[in-house]
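Report on the structure
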Amino acid sequence: MEEIPVRVAVRVRPLLPKEILRHQHVCVRVVPNTQQVIIGKDRAFTFDFVFGQKSAQDQVYATCIKPLVSSFIEGYNVTIFAYGQTGSGKTYTLGGGHVVSTADEEKGIIPRAINEIFQSISEHQNTEFTVKVSYIEVYKEELRDLLGHETSSKDIHIREDEKGNTGKNILYIF
Ligand SMILES: Nc1ncnc2c1ncn2[C@@H]1O[C@H](COP(=O)(O)OP(=O)(O)OP(=O)(O)O)[C@@H](O)[C@H]1O
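- As recorded in an unreviewed UniProt entry, the chain goes by Kinesin motor domain-containing protein and comes from Erpetoichthys calabaricus.
- Annotation of the chain in UniProt includes, under Sequence similarities (unreviewed entry), the sentence "Belongs to the TRAFAC class myosin-kinesin ATPase superfamily. Kinesin family."
- In its Subcellular location (unreviewed entry) section, the UniProt record describing the chain reads: "Cytoplasm, Cytoskeleton".

Quick look at the structure:
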């Protein structure tokens, strides 16, 4: 992947059944064969990646996440985050919801990336790996450990070290 530090992907989600029942309509149009969306009649915006209503989870993963996971496996720091108003599809795209019961093709970024990381680990028999995971919710300035409900929010700290890495004093869950 080309050396661009930040890339932005936009994904348009389909209308939900309740929105169809209320006769709501989609106001964003993806221009075919471009990375452009048009809002309303003529307000065009260009992004690094654009995914339309019919885009599949594997398409999103293969296009903009897989190359980052490969870089991560090679030792680079990588951040992927979803941003958008409530109900816009962040959880769906990240696939952090009911992962265990989700059909394979519906799985989002997190389970796909985890699979790929462990697949890569299993292919490197002579190397020792340590995988640490933390899953923290930040809500109204409060931190919550989503993997350990008994952890008090007071015991979780986000700190930055001299190299700008966060996580050194953050709570790790093994
Ligand atoms: N690409 C998609 N295809 C089909 N359904 C989708 C898609 N994106 C989102 N949805 C559905 O839209 C609804 C809202 O999505 P989701 O819960 O992911 O939003 P969110 O941005 O995480 O919201 P919040 O910020 O409130 O947690 C869910 O029912 C989800 O299944």
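**Looking at the overall build of the chain**
- Summing up its helical and strand segments, the chain has four helices and seven strands in all.
- Element order for the chain, N to C, with α for helix and β for strand: β-α-β-β-β-β-α-α-α-β-β.
- Here the chain holds 174 residues, and the buried ones make up 20% of them.
- Of the contacts made within the chain by residues no fewer than 6 positions apart, 38% connect residues no fewer than 24 positions apart.
- If you sum the accessible surface of the chain, you get close to 13600 Å²; carbon and sulfur atoms cover 53% of it.

**Brief notes about the sheet that holds strand β2 (residues 28-31)**
- The antiparallel open sheet is built from three strands, whose spatial order is β2-β3-β4. Each edge of the sheet is formed by a strand with only one pairing partner; in this case those strands are β2 and β4 (43-46). Put simply, the sheet's adjacent strands are angled 30 degrees from each other on average, direction ignored.
- Sheet topology places β2 next to strand β3 (residues 36-39); four bridges connect them, and they run antiparallel. By the bridge assignment, Val28 is partnered in β3 with Ile39.

What counts as what
Residues numbered from 1 in each chain as written. Predicted model: local features only at pLDDT ≥ 70, side-chain atom pairs only at ≥ 80, totals over all residues. Heavy atoms only, no water. UniProt positions renumbered as here; feature names shortened; annotations may be inferred. Helix = DSSP H or I, 4+ residues; strand = E, 2+ residues; numbered from the N terminus. Buried < 20%, exposed > 50% of the residue type's maximum accessible area, 1.4 Å probe, protein only. Contact = heavy atoms within 4.5 Å. Areas by Shrake-Rupley, 256 points an atom, 1.4 Å probe, with all protein chains shown as cover. Pairing = 2+ DSSP bridges. Axes fitted to C-alpha atoms, helices over the stretch in contact; angles between N-to-C directions.

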